[in-house]
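Commentary on secondary and tertiary structure
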Amino acid sequence: MSDEFLFAEEEPPAETVETPDPAEPWLILIVDDDPAIHATTKMVLRGFAFEGRSAQFLSASSAAEARGLLRDNPAVAVILLDVVMESDDAGLRLVRYIRSDLNNRRVRIILRTGQPGQAPERDVILSYDINDYKSKTELTAQKLFTSVVAALRGYQDITAIEDHREGLEHILEASSTLLGKRTMADFVRHAVAQIVGVCPPGDGVALVSRLADAGPVEPLVLGGAGRHAAAEGMALSAALPAEVVAAVSSALADGRSRYERTHSVLVFRSATRRHDTAVYLGHNRAPSDDERRLLEVFCAKVAIGFDNVHLYEELTELNRSLERQVAERTCDLVAAREAAEAARCEAEAANQAKSLFLATMSHEIRTPMNGIQGMLELLEHTGLTGDQRELVGVVRESAGALLTIINDILDFSKIEAGRLDLERVPVSLTGVVEGVADTLAPGARAKGLSLVTYIDPDLPATVLGDPVRIRQILFNIAGNAVKFTQSGKVTVRVEPAHFDGERVMIKVAVSDTGIGIPADVQARLFQPFSQAESSITRRFGGTGLGLSISRRLAELMGGEIGVTSVPDVGSTFWFTVAVDLLAETPEPADPQAPLQGVTVLLLAADAEERGFLARYLNSDGAQLVEAPDAATALDTLLPNAACDVLVATVGTDTAALGADPRGRVRGCVLIGPDARIGDSSAGGAAVPTAPAAMVVPRPVRRGALVRAVLAAAGRPGAGQAIPGEPEPAAPYAGRQRLPTVEEARGRGSLILVAEDHPTNRQVIRRQLTLLGHAMEIVEDGVQALARLRAGGFGLLLTDCQMPEMDGLELARTIRAAETAGAGGRLPIVAITANATENERQQCLAAGMDDALAKPVSLADLRRVLDRFLPDAGDGTAGAGAGAGADGGRDLLPPAQLPPLDLSGLTSLFEGDADFVRHLLGEFVTSNRASNQWLNDAFASARWDEVRQAAHKLVGSSRTVGARDLAAAAEAVELAMIDQQHDGIAPMVARVAAELDRVVDHIAAQTGPA
């Protein structure tokens, strides 16, 4: 290729620029397979200089040769590159080698080609990292000069950026190495070494420090390098040459850094440590701007490092001082800790002794209490005169009060020790509240108090919580309300405080019109052993533990307790508990409200009670008109309007209704004890067109109110259970004669009792006799094991604490023998005086099936017997064998007890025989259907339906007092809950037999159903 094509327009060569200081030349690599190109390029750029630096040319005739030169000369600034050499794309492949393999992004590449079509500019620019593209035919001398200058300027900028970045990285790395230095000498040595690496090449470095407030004290050389290495630790004037001393002193004097051609001095002042630091640097050339900036940054970090090292040394010395003090105090603390440990051991021993004492006292007190309570309960089943029955009632009430005190002390102890466990079982809030109210009702009636309960219908019928502890709190505060109220009323309200997902906060409030509590006394009411005043204990009795226990129980159940009170006006005690919602259950096929279509006129003088009753009636579907008295009601009713039922409270003025000739009501329900509309005690006039009123006593049960309204309205279904209404407890009694021991043994239903206390043996013997069971009684576990070898036993009742062998060891021995193949599994139930949950768990862990706490009531004992011996009462031995040898002749013979207590049922409804007959008719119809459901489900092995049918039979039977039928159905229900399907057939047959007896008895007393 000729020169005229390369240099189409010649321009004069550039003048050579000489620099006063020699500098490294720019390396320019020419890569071309045409030697003429090399010669021409060097000739054109002869004498070329940029930024005071000349150009040095390297030549390569091929891409392969260029690779070697680039590896040996990494400082090449510009490459003038041909494309077509040993191959058509040799130049382009070299570009990729430079950028990728050598990772060289600094070098500027100018692509020169004599064949533009071979490497089109657009494709090359887009696909390869080149910096310029020139055709050799267009590249004149001036254009070549311009392209090289532009390339060098780009290389210079990129190099400066890279050098600056590398310098910063070096500073960061150097600074990080200084962070670990903890002594001044070590820090200074490393700081000087790092400064040498940052500054331009020179002859030495000196690090000088001076206290800013030290006055004329001469600066000190902390460290040095190069020709100043020996100056470490010496005074400035004695360590360094005079010119260096002068430069450093001048910089320290005015606090300004200096940059000269042969040296630099950087000065830094600490604002916190009050000292100045100077760094003297000797160098062969003046530092560049970038080098100056890097030096300033790094030296500033060194100065800050001085502060840190000074602070660290001071802290180290302080730490040593503290360590000495700690070492001195440690000896004292060790002695104190040993003393505290000894005191803790003594406290734990005392706490264990207290727990053992309480458990022992519980056992020792409950043992005689079991005899007292059991004998009193048995005594009530004998033929007593009125005076004797009253005396027995007083003794039982006193024994119950003593047992309450014992339970309070035990609960308080368990709470203080953190050992009180809460249950999480389905709870009927209605059942809990109305059950407590029924218990307190006799005391309220005796004082002439009105006891009103209200359970918000919006509350779920059943929730998950601890019914025992909720009942305990409510019984305590409601019992106090009745106790401390001499006249007026006591109101119990249960409402939802708020819902939170699957949980609901329940608020229970008990209001009274009692003596009230002063504000200064209210704060200590919930403290242990506290009452409003000392005279309260003398007047009303009590330990003062009840409210303290209630507070702790409410807190354990996620709630709180409080009180508002005004002396001589009354008090409102309230508490909240958090309970869980039950999983959704399918809606019944017929969700119709029980009072749907019934119109009710509600008259109640008390606005609060009227609101409660109206809410009940509205929720159960009644169409309601409410008013405080009859006159107001007549003003509200339309001229020709009439109501199905009048519901009125005792004391409400009903005279206007009696005087109204239009006959506004068809049936009446009176709320209040022992009164009827028209009585003078009712405070109103008679309603001539109304039949005799149904009486619903206070406290009003929602279910009882609904049944009474249905009965008064002449509607069917008056005997059906109302959802959410608790089922009354089944009375306990047997109807078969007592079988002999051999008869019971032959049927496998003989009961073995292991009890060491003679009084308790008498109690359990009489209780089992009354319930129609035969038993054998031994005094300890060893005797029990010997007696069990005879076989024929269906249940073992055992005390836990006995000589020779206690109940727990006895149970474990029996279970071990059963595991080894010695017979089937014998049900074992503990009868323990230690009424703690821990004792119950120990019994279950030993292999027992259940546990009863002394004193054992007949109801609890019967529940256990019905569960484990459902067929024990089906014997048919001759009459008269049930007295036993222990005086059982004084008891009412079981065979004389009817299957249904009609007198009690009639008295419950104030002698309304017509209503009772109607109720029993509904009972027979409903239970025959339920029994058919039970048998069909049993035949098809639909066990859940068996449980549902049995549960329905239990509820309705208890409602009318069919005790044995309820017990038989409950045994089936419990077996289904325990998933004990074997042996269920005779239990289902017993339900049918008991139902037949009840139906026959109803027919005999009231006529065919």
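To start, this report covers the structure provided alongside it. The structure displayed is predicted, hence computed values, not measured ones. (Residues numbered from 1 in each chain as written. Predicted model: local features only at pLDDT ≥ 70, side-chain atom pairs only at ≥ 80, totals over all residues. Heavy atoms only, no water.)

Let's shift gears to the packing of aromatic side chains. Counting across every chain of the model gives six aromatic pairs. In textbook terms, an aromatic cluster arises when at least three aromatic residues are bridged by ring pairs, as seen for Trp26, Phe50 and Tyr155. Sitting above the plane of the tryptophan 574 ring, lysine 507 keeps its charged end 5.4 Å from the centroid. (Phe/Tyr/Trp six-rings, centres within 6.5 Å; stacked < 30°, edge-to-face > 60°. Lys NZ or Arg CZ within 6 Å of the ring centre and 35° of its normal.)

With that out of the way, let us pick up the state of the cysteines. This structure, assessed with the given rule, holds zero disulfides. For cysteine 843, which is in no disulfide, the shortest distance to another cysteine sulfur is to cysteine 800 and amounts to 3.6 Å. For cysteine 843, a relative accessible area of 0% gives the class buried. (Disulfide = S-S within 2.5 Å. Buried < 20%, exposed > 50% of the residue type's maximum accessible area, 1.4 Å probe, protein only.)

How two helices pack is summed up by the angle between their axes together with the distance between the axes. Close contact between helix α3 (residues 63–72) and helix α4 (residues 90–101) brings their axes to 10 Å; oriented N to C, the two are set at 25°. In terms of orientation, α3 lies roughly parallel with respect to α4. Two packed elements cross with a definite hand, and for α3 against α4 that hand is right-handed. Facing α3, whose interface residues are Ala63, Ala66, Arg67, Leu70 and Arg71, α4 presents Ala90, Arg93, Leu94, Tyr97 and Ile98. Per-class residue counts for the contact of α3 with α4 are seven nonpolar, no polar and three charged. (Axes fitted to C-alpha atoms, helices over the stretch in contact; angles between N-to-C directions. Helix = DSSP H or I, 4+ residues; strand = E, 2+ residues; numbered from the N terminus. Parallel < 35°, antiparallel > 145°, perpendicular 65-115°, else oblique. Left-handed = near helix turned anticlockwise from the far one by under 90°. Contact = heavy atoms within 4.5 Å. Nonpolar A, V, L, I, M, F, W, Y, C, P; charged D, E, K, R; others polar.)

Moving on to the pattern of salt bridges. Between side chains of opposite charge, a pair can form as their charged atoms come close. Tallying each qualifying case throughout the model produces 32 salt bridges. For arginine 99, the salt bridge identified is with aspartate 129, shortest N-O distance 3.3 Å. Of the two residues, arginine 99 sits in helix α4 while aspartate 129 sits in the loop between α5 (121–127) and β6 (132–135), which places them 30 residues apart along the sequence. Taking relative accessible area as the criterion, arginine 99 reaches 3% and is therefore assigned buried. Ionic pairing is found between arginine 942 and glutamate 945, a salt bridge with its closest N-O pair at 3.1 Å. By relative accessible area, glutamate 945 is classed as partly exposed at 26%. (Salt bridge = Lys/Arg side-chain N within 4 Å of Asp/Glu carboxyl O.)

This brings us to the sheet that holds strand β8 (residues 220–226). Taken together, five strands build an open sheet; the order of strands is β8-β7-β11-β10-β9 and the sheet is antiparallel. Looking at which strands have only one partner, the edges of the open sheet turn out to be β8 and β9 (258–259). Along the sheet face, helix α9 (residues 242–254) touches β7 (204–211), β9, β10 (263–269) and β11 (275–282) and points at about 35° away from the line of β10. (Pairing = 2+ DSSP bridges.)

With that settled, consider unusual backbone geometry. Geometrically, the link from arginine 698 to proline 699 is a cis peptide bond, its omega value of -5° lying close to zero. Mapped onto the fold, proline 699 is located in the loop between β23 (694–696) and α20 (702–713). A positive phi angle, close to 65°, is found at glutamate 804, a residue other than glycine. Among the structural elements, glutamate 804 can be located in the loop between β26 (793–799) and α24 (807–819). Non-glycine residue alanine 941 carries a positive phi angle of around 60°. Following the sequence through the fold, alanine 941 ends up in the loop between α28 (913–939) and α29 (943–960).

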